[in-house]
Amino acid sequence: MKKILASRRDGNHNSKTKSLVASSLAGIINVLLTNPLWVSNLRIVKGMKSPVRRIQEGGINQQQQQCTVESSLFAMMEKIAKEEGIDHLWSGTW
């Protein structure tokens, strides 16, 4: 990718295209790397089970049980991956 972008240094159009491609890639990488952190942080702050788990356990109107407060962000990420599947770390992304 770097060679392709470096080979097209001529002209203003290519400069704008390179900038657009680079910023788009940076945004995609940012979302994919940080979304698990935000999902885990939200779970810690809310201190509740995910809506999917509550529905599976008998509905939203059922008394909401508090999940145990995890000691760290990474511990919460591990808990979500084990209990709900690793794809739930990217919930809201797709």
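Up top is the structure.
Note that the coordinates shown come from a computational prediction; the quantities given were computed from them, not determined experimentally.

I'm lost on the overall build of the chain in this one. Help?
Within the chain, the secondary structure is distributed over four helices and zero strands. In the chain, the succession of α and β elements from N to C terminus is α-α-α-α. The proportion of buried residues among the 94 residues of the chain is 21%. Of the contacts made within the chain by residues no fewer than 6 positions apart, 57% connect residues no fewer than 24 positions apart. Counting only carbon and sulfur atoms, one obtains 60% of the accessible surface of the chain, whose full area is about 7,200 Å².

Mind showing me how you'd approach the side chain of Asn 35 here?
Topologically, Asn 35 is positioned in helix H2 (residues 12–46). Taking the relative accessible area as the measure of exposure, Asn 35 reaches 15% and is therefore buried. Within polar-contact distance, the side chain of Asn 35 engages the backbone oxygen of Ser 91 at 3.5 Å. A distance of 2.8 Å separates the side chain of Asn 35 from the side chain of Thr 93, its partner in a polar contact.

Looking at this structure, I do not really get helix H4 (residues 73–84). What am I missing?
Owing to its 3.6 residues per turn, the α-helix aligns residues three or four sequence positions apart on the same side. For H4, with 12 residues, the first-to-last C-alpha span of 16 Å sits near the 16 Å given by 1.5 Å per residue. Positive backbone phi, approximately 105°, marks Gly 85, located one or two places after H4.

Quick question: what am I supposed to make of the side chain of Glu 84 here?
Tracing the chain through its elements places Glu 84 in helix H4. Of the polar contacts made by the side chain of Glu 84, one reaches the side chain of Arg 43; its length is 2.9 Å.

I would appreciate a short explanation of a nonpolar patch on the surface in the present structure.
Together, Leu 25, Ile 29 and Leu 33 line one region of the surface with nonpolar side chains, adding up to about 300 Å² of accessible area. Along the chain, Leu 25 falls in helix H2. Note on Leu 25: relative accessible area 38%, which makes it partly exposed.

What counts, and at which threshold
Residues numbered from 1 in each chain as written. Predicted model: local features only at pLDDT ≥ 70, side-chain atom pairs only at ≥ 80, totals over all residues. Heavy atoms only, no water. Helix = DSSP H or I, 4+ residues; strand = E, 2+ residues; numbered from the N terminus. Buried < 20%, exposed > 50% of the residue type's maximum accessible area, 1.4 Å probe, protein only. Contact = heavy atoms within 4.5 Å. Areas by Shrake-Rupley, 256 points an atom, 1.4 Å probe, with all protein chains shown as cover. Polar contact = N/O pair within 3.5 Å; in protein donor to acceptor, adjacent residues only side chain to side chain. Expected span 1.5 Å × (residues − 1). Patch = residues over 30% accessible without salt bridge, like charges linked within 9 Å, V, L, I, M, F, W, Y side chains within 5 Å. Salt bridge = Lys/Arg side-chain N within 4 Å of Asp/Glu carboxyl O.

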